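Geometric and topological summary
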Amino acid sequence: MDAKFWLIQIFNGVSYGALLFLLASGLTLIFGVMRIVNLAHGAYFMLGGYVALSVIWASGSWLAALPVAALAVALVGLVMERVFLRPLGFDPLRQVLATVGFAFLFQQGALDIWGGDPLSIDPPAVLTGSLIVGELHLPVYRMFMIASAAAIGLVLWLAIERTRLGALVRAAVDDAEMARGVGIDTSRVSMFIFALGAFLAALGGVIGGGFLGVYPGLDFEILPVAFAVVIIGGMGSLAGAAVGSMLVGLADNFGKALFPELAYFSLYAPMVLILAVKPTGLLGRE
Amino acid sequence: MLKRRMTLMGLAVGMAATPAAAQELRIGFLAPTTGIFAQVGKDMVSGFQLWLDESGGNFGGAKVTFIVEDTEGKPPIAVRKAEKLVRQDKVHIFIGGLLAPTGYALAPVSTRLKTVYIASVPAADDLTQRDIAKYPYTVRTGWTSSQPSHPFGEWACEQGYKRVVTIGADFAFGHEVVGGFQKAFEGCGGRIIQKLWPPLGTKDFGPYIPQIKQNADAIFTLMAGPMSLQFPKQLAAAGNRKPVIAGGTSYDEFVLPSMGDEVIGHVSALQYSAAIDTPANAGFVKKYREKFGKVPSYYSETNYTSAQMIHEVMEKTRGKWPGAAQFVKLISAVKVDAVRGPVRLDEMRNPVQNIYIKKVEKRKMFGYEKDELWNTVIKTYPNVGQFWKFKKQEFLKQPVYSRDYPPCKFCE
Amino acid sequence: MTMRKPAAVAAVLIALAVTTPFAGPYPILLITQALVFAIIAMSLDLLLGYTGLPSLGQAAYLGVGAYLTAILASRYGFGMDWTFWVVVPLGIFAGAATAAFFGLFAIRASGVYFLMITLALGMCVWGLAYRWNSLTGGDNGINLPGRPEFGIQLADDVTFFYLVLGFFILSLAALHLVVRSPFGRSLVGIRERELRMRVLGYNTWLHKYLAFVIAGGFGGLAGVLLAHLNGLVSPEDVILTTSVDVLLMVVLGGSGTLVGAAIGAGVVVFLREYLSTLVPWWQYVLGGVYVLTILYLPGGLMGIPERLRRWRSATQ
């Protein structure tokens, strides 16, 4: 296994991690602000892909599909939070069960609306093909995945660190009671964050749809991986989501290439260890 | 729509020579109609239903009652629903199951309840090979996983391929398809120089594609489900120039409509292709497409043909149910001209049929206006049984194809 | 708790024992399945309802018991006669031992983190079941060679039902004793105010750990029975959805009541297995039940009489 092999594997691991970042960033924000374990997050990812397909079939525009799908799913998330989760208060168990119930509803709904054939979101031609650097073939779409994740990550970071809204979010994450004490409407922040989380997941679904495809079962397949990222990186921390997604992407890639027998074990065992040693994850705080 | 309790009256369509005594044939159908395999399940039901509708629900004078139960793609549920179908609904035959584990779960049920089970889709080799004695009431009307791979191995030799890399989904079905290919290919002078096994459900083939040895002549792949969709894309994006040959499910009509131009030229082997250029198949494809809005996949065809075979038997018995043991005997002797070509069962109750080497092409077929992706048949191997040219006793002595069997003698 | 409750429970059990054999062959299987899941659901209630530990990974212990039974039966022919009565304690022990090992990682956490870590542990077991082909048969699973026979034929579904009912009654009784013992009462104390319990000198970690191990043992027992009920074991038995279903059974029935978990098991099994034979949109009902239960029935089904009483007294 030469340098070329390692370079490609690193590139592949990073691109997979980029996709995971999109998925996990929303999940970690939702957890950080609201302490909600959103088991419907995988469904948001999948729905993002399906809605995007409908937009593409109707309008022919992949570019339009991105914001439309993300916003549509964000709306779904908003309604879910407002109407169903808000009344539950802080009760992790009941939230888990409520979000799972929704996950089942979404799964069946998706099957009824879009059918069960495996589908793929074809990106515009400019994003297909590969960039050839020396002997390396670097698929352009993977580079796009890395670029979008980086861009979105940057925007999120700036928003959280530099804007007033971001300050509100940070306050709510750090100490919700204090935040309320100084007059911050934490319930509105929560609503916004939940919608944002759904937005990001759906965006991930659209971008991922050109790489993983969109098919029934995607929701529950991708969900544990998202949790692994969030747990390893640290719940509530955006930086943690970035670090966690890179680690998981690379570990998954190298694990499968070098130790194929242990495929799933290599994903969940580190999750257990981190939870046992530092439950808040590498970069989380409690 | 999915759960059907259809009692189709033979009076509806003019049946000239049916006997007055209306016998009843109760058929239970097991398929995943919810869950991740729901679409496949629906296709399975549609295939069977099409034959039923064409025959007016009357098999040789027997009125057919068709009951569909949802297995959710889970073997334990399939077992329980099968028990319900037999014990409560008193079906004469239960048919279906999708995955190999479901086939292995249902076959013992047929033995235990002494009821005929027709495995129309599950392809696990041993169901009609080393385990056959355990399942006297089980009949297979589909295929064994390795059945198309054997002639395909020979075909690969004929193309001049000498060194092939295999990359197949890491589960029993994948092992059997690849194993069959390896045995036949190495038997005519070829060498498998590398075997890669991405786990079932892999979405990112990033870890695997770069490992493919550069000095191979061709890549043999076996993908199932969504993997079939993503692997060719990622392979092409990684700059692959080698010929790609594959097991039948990699380019089957279930996934083909969602694929892009990256699969043009890929060759695979199966007992069915929607592009088989015979009047029988053309009629089937057109009718199916008009009724269900999509080109039929082998999942639909195999159930359509199973219905046809059951019908044949009932014609012979003039609509009277002959009892489970006798039915098994009769269907084992049936020869039909199915949509996929001539089909009969061997002495272990597995089909002997044509195997088609098919190549993905973009073209117009059967009078349809648009250029679409079709699996054009480029070679036909007739009369292929599950043992191919190998001697049955020797074949049965070797272990079932697995990850490590045949062993990778030429792996580098 | 008035004297009426044990009598009511006994009455229901007797009715079940007497009427089930006359139900159709399929309902008998479903009732048996509900009883098997009731065992594991009740054990989760011990963890959740009494100790306050929400576990999302109980299917792991179900799996351990089931796979052990299947491997012994299919590979060594062990457990198919009187040796069945050896496999049962083995299954319980395997479940408990697994929980003892997992507990070392899990009990340090609480609340959401406990949820996550038990989820991860459950996924580890699933991953092993799925990939360790030589041991577990991978995605093919393991077929059992029929049901045991020792004087009585468990292959007869009615006989098997009585066996499972017997185990259910024993489990209910055992858990009831645990819950009413001083140990059980300390668990409730930990659920309510762990800090205070610790200040009072209780080794709360040990209490929680023991509850976890006990639940694992019952999970193993349920696994042994499940393996024989289905005649096969596959990774499908240990997927995340199974653990989630068990959690729903407890919450739906009413956590902290033991009997509620059994009722919840009946409802969920009915929805998944019976409703699916009647209508294709049963998944909507299942999802709806999840959501509505959480929203409107915090006390679960067992909490309904109390709510009615309160509603009645409030409107007077």
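Note that this is a predicted model, so its numbers are computed, not measured.

Here we take up the interface of chain A and chain C. Across the boundary between the two partners, chain A contributes 32 residues, which contact 32 residues of chain C. Contributions of two or more residues to the side of chain A that touches chain C are made by helix H4 (92-114), helix H9 (218-233) and helix H11 (265-277) of chain A. For the side of chain A that touches chain C, the element with the most residues is H4(A), which contributes 12 residues. The residue makeup of the side of chain A that touches chain C, split by class, is 27 nonpolar, two polar and three charged.

Attention now moves to the pairing of strand E15 (residues 351-363) of chain B. Residues and elements named next belong to chain B. In this structure, strand E12 (residues 267-270) lies alongside E15, joined through four bridges in antiparallel fashion. In the sheet register, Ser 268 faces E15, and the bridge partner there is Lys 358. Bridge count for strand E14 (residues 341-345) against E15 is two bridges, and the pairing is antiparallel. Paired with Leu 345 across the bridge in E15 is Pro 351. The turn linking E14 back onto E15 is made up of five residues, and Arg 349 within it adopts a positive phi angle of 65°. Bridging between E15 and strand E16 (residues 372-384) involves 10 bridges; their strand directions are antiparallel. Its bridge partner being in E16, Ile 355 is matched across the sheet by Tyr 381.

Residue and element names in this part refer to chain B. With domains assigned, chain B is organised as domain 1 (5-143 + 279-345) and domain 2 (149-270 + 353-397). Computed over C-alpha atoms only, the centres of domain 1 and domain 2 are separated by 28 Å. The set of elements that each furnish at least two residues to the side of domain 1 that touches domain 2 consists of helix H1 (38-54), helix H7 (279-292), helix H8 (298-316) and E14. Of the residues in the side of domain 1 that touches domain 2, the class split is 12 nonpolar, four polar and six charged.

Residues and elements named next belong to chain B. A cis geometry characterises the amide bond from Tyr 405 onward to Pro 406, with omega recorded as 0°. Considering the arrangement of structural elements, one finds Pro 406 in the segment after helix H10 (392-397). Phi at Lys 90 takes a positive value of approximately 55°, unusual for a residue other than glycine. By the element assignment, Lys 90 lies in the loop between helix H2 (75-88) and strand E5 (93-96). Overall, the presence of 12 C-beta atoms within 10 Å leaves Lys 90 in the exposed class.

How each quantity is defined
Residues numbered from 1 in each chain as written. Chains lettered and ligands numbered in written order. Predicted model: local features only at pLDDT ≥ 70, side-chain atom pairs only at ≥ 80, totals over all residues. Contact = placed C-beta atoms within 7 Å. Helix = DSSP H or I, 4+ residues; strand = E, 2+ residues; numbered from the N terminus. Nonpolar A, V, L, I, M, F, W, Y, C, P; charged D, E, K, R; others polar. Pairing = 2+ DSSP bridges. Domains from an automatic or database assignment. Buried ≥ 20, exposed ≤ 12 C-beta atoms within 10 Å, placed from the backbone.

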